[in-house]
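# Examining the three-dimensional arrangement
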Amino acid sequence: MVEAQTWTRRMSNPRLDSTVAAADQVLDIPATPTAELKNSTYTAGSHVSPNFLTAVIIASWFMSNIGVLLLNKYLLSFYGYRYPIFLTMLHMLSCASYSHVAINFLGIVPRQHILSRKQLLKILALCVIFCFSVVCGNTSLRYIPVSFNQAIGATTPFFTAIFAFLITCKKESAEVYFALLPVVFGIVLATNSEPLFNLFGFLVCIGSTSGRALKSVVQGILLTNESEKLHSMNLLLYMAPMAAMILLPFSLYIEGNVAGLTLEKARTDSFIIFLLIGNATVAYLVNLTNFLVTKHTSALTLQVLGNAKAALAAFVSVMVFRNPVTVMGISGFAVTVMGVVLYSEAKKRSKVTTH
């Protein structure tokens, strides 16, 4: 940067003018970095392409989301670990521990504090709904294939629209409601043609899907105050330990001495420890990559990726577990996903019209 200079006479050259101070003749030109400095900078990864970083994050999101589904299915259906409530509690303990490290030590996001008892009660209410949804989702994997589980899960927008209308009396445009018709029609097709259909598994999966939709609606109502809004990672930090405390008595009452049975199993089969720790870690990575994808792209991109994930998870599960599928079932799933895409587009257009 060259400082402002005083010209002593017209058309004079300041570099040759003896009246100009020596300090004004010094040009602040940055030194050319040496080869060693260039190499060390490149090695440190500061020149990683943003597009490449985003691609890695999206790939990690796909792997963690599909991975936790496959691991849950393997543990609950094939490995014989029939304790979905205790497994969900382990997920919550993992999320609480990793969230504490990520926020308080790694500083991924700034720490936010609960400001009032009222805010705490709101978070507790969300936590109860969240527990119900996750436990139902994991329980359903004991009875129905991952592909059918994902087909039912794709109907979340349908339940979201219903709860939004019942709780907040919020009406959508006719185009939005019309887009929900293929969502429902597709799941009816998939259900009627599912070779491994199980009524209890179907009902608890519907419960999981509706619980997920209810949580999103209730969260929008309860945490509307700007001072009460929590970042998704901070919300997880507070909800996860609450969820673990809620699930513990239910697990002990319904599943018995599950902790003792797990330790006894580990004495003869140490692989169970690796499976449980790995499964719980991947469950946290699902939440972490959700945040990272939203941060590096947008919430809309995450929604689009969710549609692709459902189809990919169904395909991978069929390849891994070899569960039978029918052409009608595949068609029903495709119609449901198409309906979700139409719903997303209709919602975008209605928001633009409203604003």
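Residues numbered from 1 in each chain as written. Predicted model: local features only at pLDDT ≥ 70, side-chain atom pairs only at ≥ 80, totals over all residues. Heavy atoms only, no water.

### A short note on the overall build of the protein chain
- When its secondary structure is counted, the protein chain shows 13 helices and zero strands.
- Listed N to C, the secondary structure of the protein chain is α-α-α-α-α-α-α-α-α-α-α-α-α in terms of helices and strands.
- Looking at the 355 residues of the protein chain, the share that counts as buried comes to 44%.
- Within the protein chain, contacts between residues separated by at least 24 positions form 84% of all contacts whose residues are at least 6 apart in sequence.
- In the structure as shown, the protein chain presents an accessible area of about 19800 Å², 68% of it carried by carbon and sulfur atoms. (Helix = DSSP H or I, 4+ residues; strand = E, 2+ residues; numbered from the N terminus. Buried < 20%, exposed > 50% of the residue type's maximum accessible area, 1.4 Å probe, protein only. Contact = heavy atoms within 4.5 Å. Areas by Shrake-Rupley, 256 points an atom, 1.4 Å probe, with all protein chains shown as cover.)

### Some details on the packing of aromatic side chains
- This structure, assessed with the given rule, holds twelve aromatic pairs.
- Taking 6.1 Å as the distance between ring centres and 15 degrees as the angle between the ring planes, the aromatic pair formed by Phe 148 and Phe 202 counts as stacked. Of this pair, Phe 148 sits in helix 5 (residues 146-153) while Phe 202 sits in helix 8 (residues 199-222), and the two are 54 residues apart along the sequence.
- Residue class for Phe 202 comes out buried when judged on its relative accessible area of 17%.
- Of the aromatic side chains, those joined through ring pairs into one cluster are Tyr 74, Tyr 79, Phe 271 and Phe 274. (Phe/Tyr/Trp six-rings, centres within 6.5 Å; stacked < 30°, edge-to-face > 60°.)

### Looking at the packing of helix 11 (residues 271-296) against helix 12 (residues 299-321)
- Between helix 11 and helix 12, whose axes approach to 7 Å, the crossing angle comes to 125 degrees. Relative to helix 12, helix 11 is oriented oblique. Every residue of helix 12 that contacts helix 11 at Asn 290, Val 293 and Thr 294 is listed here: Ala 299, Leu 302 and Leu 305.
- For the contact of helix 11 with helix 12, the per-class residue count stands at four nonpolar, two polar and no charged. (Axes fitted to C-alpha atoms, helices over the stretch in contact; angles between N-to-C directions. Parallel < 35°, antiparallel > 145°, perpendicular 65-115°, else oblique. Nonpolar A, V, L, I, M, F, W, Y, C, P; charged D, E, K, R; others polar.)

### So, the nonpolar core
- With 46 residues, the main nonpolar core has Leu 75 and Tyr 81 as its most contacted residues.
- Elements that contribute at least two residues to this core include exactly helix 2 (50-78), helix 3 (84-104), helix 4 (117-140), helix 9 (232-255), helix 10 (258-268), helix 11 and helix 12.
- If we skip the residues at most four places from it in the chain, Tyr 81 touches Leu 75, Leu 76, Phe 86, Val 258, Thr 262, Ile 272 and Leu 276. (Core = buried A, V, L, I, M, F, W, Y, C linked by side-chain atoms within 4.5 Å.)

### Here we look at helix 12
- In this model helix 12 runs 32 Å from its N-terminal to its C-terminal C-alpha over 23 residues, within 8% of the 33 Å that 1.5 Å per residue would give.
- Restricting attention to buried positions, one finds in helix 12 the residues Leu 305, Asn 307, Lys 309, Ala 310, Ala 313, Ala 314, Ser 317, Val 318 and Phe 321.
- Note on helix 12: the residue one or two positions beyond its end, Arg 322, has a positive phi of about 60 degrees. (Expected span 1.5 Å × (residues − 1).)

### As for helix 9
- Along helix 9, the largest kink reaches about 25 degrees and is centred on Leu 247; proline Pro 249 follows within four residues of it.
- Just beyond helix 9, the residue with positive phi is Gly 256, at close to 75 degrees. (Bend = angle between axes of the 7 residues up to and from the residue.)

### Describing the pattern of salt bridges
- Taken as a whole and assessed by the stated rule, the structure comprises six salt bridges.
- The salt bridge involving Lys 122 is made with Glu 228; its shortest N-O contact spans 2.7 Å. A residue pair is termed long-range when its members are at least 10 positions apart, and Lys 122 in helix 4 and Glu 228 in the loop between helix 8 and helix 9 qualify at 106 residues. There is no split in this pair, since Lys 122 and Glu 228 are both buried. (Salt bridge = Lys/Arg side-chain N within 4 Å of Asp/Glu carboxyl O.)

### So, the confidence of the model for the protein chain
- With 86% of its residues at a pLDDT of 70 or more, the protein chain shows a mean pLDDT of 86.
- Within the protein chain, the lowest mean pLDDT, 42, falls on helix 1 (residues 35-43), and the highest, 97, falls on helix 3.
- Confidence over residues 1-45 falls short of pLDDT 50; this stretch has 19 contacts with residues more than four positions distant or in other chains. (pLDDT = per-residue confidence, 0-100.)

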